[in-house]
Amino acid sequence: MTESTAPDHPTAAPLAAVPSSPACGQPDAITPTAASDAAVLLDELRATLARFVVLPSEQALDATVLWIAATHLQPVWQHAPRLAVVGPAKRCGKSRLLDLLTETVHNPVITVNSTAAAIFRSISDEPPTLLVDEADTIFGSPKVAEKNEEMRGLLNAGHQRGRPVLRVVGKEHAPHSFATFAMAALAGIGDLPDTIMDRSVVIRMRRRAEGEHVSPYRTRRDSPALHALRVRIARWTASVADQALHLEPSMPVEDRAADTWEPLVIVADLAGGTWPDRARTACRRMVAAEAQAEEDNPSNARILADIRRAFAAAGDPESMSTDALLYRLNSDPEAPWAETGRGGLNPRALSGLLREYGIRSGNVRMPDQTQLKGYLRTKFTDAWKRYCPTVHPVEDADASRGAHTG
């Protein structure tokens, strides 16, 4: 079933158009019927996404829904927020989420390892939605990223309207201006360049833990329902485009973060229901989380597995001092940590490696009742279950410790 012929959802009420006021040039207030229908529509999209992929938080799921709807209003926006779908390892659901975006965003243009020139030639005054998979092959290392500096510049420029690139074309090498403005989602292992992350709604994917289940996604079977949602979202957004153009919502953040999140908050305000509050909660929490994130993050879960081995070798204590943990890591002849720096892995570098997983050091009590800087074992258990479940399984260790203390 194609987008142009997909039927409406059989149980959904039609979305009412909201005309602008011809007397003053400003949009009328949002009608309760239109807002209610739109909120239900976004709820449907949210439930559909949650069926096929596990997002890292309720706020991340809300943000993804609002970002999808915002792609259908790109001619209205001053800024085109990026959606950075990143994860520390393989099999975190990044590509699956990109599959779902492909079926629901406005005019998707999918690219894997394409050139910047090819991409900006695909952007017009009616911008598509760029979907870039395996972004780590473009920006995964300083050497590779240097070769793709033009791509980074394109993605940075396209965040704001009115930032074209100039290129010479034809045999006469005449200068030509190419548009760059378009919303874009980029999926890959590890963080993207800082300038792109700063312009993004960041979705930090995690590997599914035991007990977290999703339905398998099959394109031919499941895409028609997603296409039907896309048609309904497009119809609703077209009816409120004039309102979206004039709205200036209250924002819980400032500066570039406000520029990036404003389209999502406007969509939420237009939809009504619980969405305005949920959008601002997602904005506030996700921006704050990114503000605390380290610039350099690991591209795999090796550090978690080696820390799991270190705790197991020590008898799975409640906590371990930073010095003791570093000694075990740097003493492992088969691990890379001793070669991390001149003196091996140090406390600051260890903190940076663990920050992406939400694990931080603190004051911990030692067996002799002294307090030292270190890590609580309980801070690692969720990450161990997700990223290295076969390395000294946590349940077995917990059972063993219970038997000894019982």
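The written sequence of each chain sets the order in which its residues are numbered from 1. The model is predicted, so local features are restricted to residues of pLDDT at least 70 and side-chain atom pairs to those at 80 or more, both for listing and for counting; the totals for chains, interfaces and linings are taken over all residues. Hydrogens and water molecules were not included; the side-chain quantities draw on all heavy atoms of the structure.

1. Examining the overall build of the chain
Applicable threshold: Secondary structure elements follow DSSP: runs of H or I of four or more residues count as helices, runs of E of two or more count as strands, with numbering from the N terminus. Under the scheme applied here, a residue whose accessible area is under 20% of the maximum for its type counts as buried, over 50% as exposed, and between as partly exposed, the area being computed with a 1.4 Å probe on protein chains only. Contacts were defined at the residue level, with two residues in contact if any of their heavy atoms lie within 4.5 Å. Computed by Shrake-Rupley with a 1.4 Å probe, the accessible areas treat only the displayed protein chains as cover when residues are assessed.
Secondary structure summary: the chain contains 17 helices and 10 strands in total. Among the 406 residues that make up the chain, the fraction classed as buried is 48%. Restricting the contact set of the chain to residue pairs at least 6 apart, pairs at least 24 apart contribute 72%. Counting every atom, the chain has about 19800 Å² of accessible surface; 51% of that belongs to carbon and sulfur.

2. As for the packing of helix 2 (residues 58-71) against helix 11 (residues 255-271)
Using the following cut-off: The axes used here are C-alpha line fits, helices contributing only the stretch in contact, and every angle between their N-to-C directions lies in the interval 0 to 180 degrees. The labels follow the angle: roughly parallel below 35 degrees, roughly antiparallel above 145, roughly perpendicular from 65 to 115, and oblique for the rest. Think of it as three bins: nonpolar holds Ala, Val, Leu, Ile, Met, Phe, Trp, Tyr, Cys and Pro, charged holds Asp, Glu, Lys and Arg, and polar takes everything else, Gly as well.
Direction vectors running N to C along helix 2 and helix 11 enclose 90°, while the axes themselves pass 9 Å from each other. Between helix 2 and helix 11, the interaxial angle falls into the category roughly perpendicular. Counted together, Ala 63, Leu 66, Trp 67, Ala 69 and Ala 70 of helix 2 and Trp 261, Pro 263, Leu 264, Val 267 and Ala 268 of helix 11 form the full contact between these two elements. Class assignment for the residues of the contact of helix 2 with helix 11 results in 10 nonpolar, no polar and no charged.

3. Thoughts on the sheet that holds strand 9 (residues 362-365)
Worth spelling out the cut-off: For two strands to be treated as a pair, DSSP must find no fewer than two bridges joining them.
Taken in spatial order, the 3 strands of this open sheet run 8-10-9, and their pairing is antiparallel. At either margin of the open sheet sits one strand with a lone partner, and together these are strand 8 (319-321) and strand 9. The average undirected angle you get between the axes of adjacent strands in this sheet is 65°. With 4 bridges joining them, strand 9 and strand 10 (residues 371-376) adopt antiparallel strand pairing. For Asn 363, the partnering residue across the bridge sits in strand 10 and is Lys 373.

4. A few points about the packing of aromatic side chains
Think of a pair of aromatic rings as described by two things: how far the centres are apart, and how the planes are tilted against each other in angle. How we decide: A pair of Phe, Tyr and Trp rings is counted when the ring centres sit within 6.5 Å of each other, with Trp represented by its six-membered ring. The angle between the planes then sorts it: under 30 degrees is stacked, over 60 is edge-to-face, the rest tilted. Only when the NZ atom of a Lys or the CZ atom of an Arg is both within 6 Å of the ring centre and within 35 degrees of the ring normal do we say a charge sits over the ring.
Applying the stated criterion across every chain, the model contains 6 aromatic pairs. Pairing Phe 311 with Trp 384 gives two aromatic rings, centres 5.7 Å apart and planes at 65°, and the pair type is edge-to-face. Here Phe 311 is found in helix 13 (residues 302-313), whereas its partner Trp 384 is found in helix 16 (residues 381-387), with 73 residues between them in sequence. Note on Tyr 357 and Tyr 387: the rings are 5.2 Å apart at their centroids and 75° apart in plane angle, and the pair reads as edge-to-face. Linking Tyr 357 in the loop between helix 15 (347-355) and strand 9 with Tyr 387 in helix 16, this pair joins segments that are 30 residues apart in sequence. A relative accessible area of 13% means that Tyr 357 is categorised as buried. One aromatic cluster is present, built from ring pairs that chain together Phe 311, Tyr 375, Phe 380 and Trp 384. In this structure, Arg 278 is placed above the aromatic ring of Trp 275, and the distance from its NZ or CZ to the ring centre is 3.9 Å. One cation-aromatic arrangement involves Arg 308 over Trp 384; the distance from NZ or CZ to the ring centre is 4.6 Å.

5. Focus on the nonpolar core
Note the threshold: As used here, the term nonpolar core means buried Ala, Val, Leu, Ile, Met, Phe, Trp, Tyr and Cys residues forming a set that is joined through side-chain atoms within 4.5 Å.
With 88 residues, the main nonpolar core has Trp 77, Leu 101, Ile 303, Leu 304, Ile 307 and Leu 350 as its most contacted residues. Each residue touching Leu 304, except ones within four places of it in the same chain, is listed here: Leu 354, Tyr 357, Ile 359, Phe 380, Ala 383, Trp 384, Tyr 387 and Cys 388. Val 86, Ala 182, Leu 192 and Val 202 belong to the second-largest nonpolar core, a separate cluster that totals 19 residues.

6. Quick notes on the environment of Leu 83
Inspection of the secondary structure puts Leu 83 in strand 1 (residues 82-87). Owing to a relative accessible area of 0%, Leu 83 belongs among the buried residues under this scheme. Through-space distance from the C-alpha of Leu 83 to that of Ile 203 is 7.2 Å; in sequence the pair is 120 residues apart. Ignoring any residue separated from it by four or fewer positions in sequence, one finds Leu 83 in contact with Trp 67, Leu 101, Ala 184, Ala 185, Leu 186, Val 201 and Ile 203.

7. Topic: the pattern of salt bridges
Quick reminder of the rule: The term salt bridge refers to a side-chain nitrogen of Lys or Arg lying within 4 Å of a carboxyl oxygen of Asp or Glu.
The final tally for this structure, using the stated rule, is 18 salt bridges. With a closest N to O distance of 3.0 Å, Asp 222 and Arg 221 form a salt bridge.

8. Some points on the sheet that holds strand 1
Strand pairing in a sheet takes place through backbone hydrogen bonds and is either antiparallel or parallel in direction. Ordered by their spatial adjacency, 5 strands build an open sheet running 2-3-6-1-7, and the pairing between neighbours is parallel. Only two strands of the sheet have a single neighbouring strand rather than two, namely strand 2 (108-112) and strand 7 (200-204). Across this sheet, the average inter-strand angle for adjacent strands is 15°, counted without regard to direction. Inspection of the sheet shows strand 3 (residues 129-133) paired to strand 6 (residues 183-189) by 4 bridges, in the parallel sense. Note on strand 6: the bridge partner recorded for Thr 129 is Met 183.

9. Details of helix 11
Threshold: The span one expects for a helix is its residue count, reduced by one, times 1.5 Å. Consider a residue and the seven residues that end there alongside the seven that start there; fitting an axis to each set, the bend is the angle between those axes.
In a regular helix each residue adds 1.5 Å, so 17 residues correspond to 24 Å; helix 11 covers 24 Å between its end C-alpha atoms and thus fits that length. Along helix 11, the sharpest kink reaches roughly 45°, centred on Trp 261 and followed within four residues by the proline Pro 263. Counting buried positions along helix 11 gives 12 out of 17 residues, so the element sits mostly inside the fold. Of the positions making up helix 11, those classed as buried are Ala 258, Thr 260, Trp 261, Pro 263, Leu 264, Val 265, Ile 266, Val 267, Ala 268, Asp 269, Leu 270 and Ala 271. At the C-terminal side of helix 11, Gly 272 shows a positive phi close to 75°.

10. What about the packing of helix 13 against helix 15?
Formally: We call a crossing left-handed when the near helix sits turned anticlockwise from the far one by less than a right angle, and right-handed when that turn is clockwise.
Between helix 13 and helix 15, the shortest axis-to-axis distance is 9 Å and the interhelical angle comes to 110°. Between helix 13 and helix 15, the angle falls in the class roughly perpendicular. Of the two elements, helix 13 crosses helix 15, and the hand of that crossing is left-handed. Residue-level inspection shows Ile 303, Leu 304 and Ile 307 of helix 13 in contact with helix 15, the latter providing Leu 350, Leu 353 and Leu 354. Taken together, the residues that form the contact of helix 13 with helix 15 break down as 6 nonpolar, no polar and no charged.

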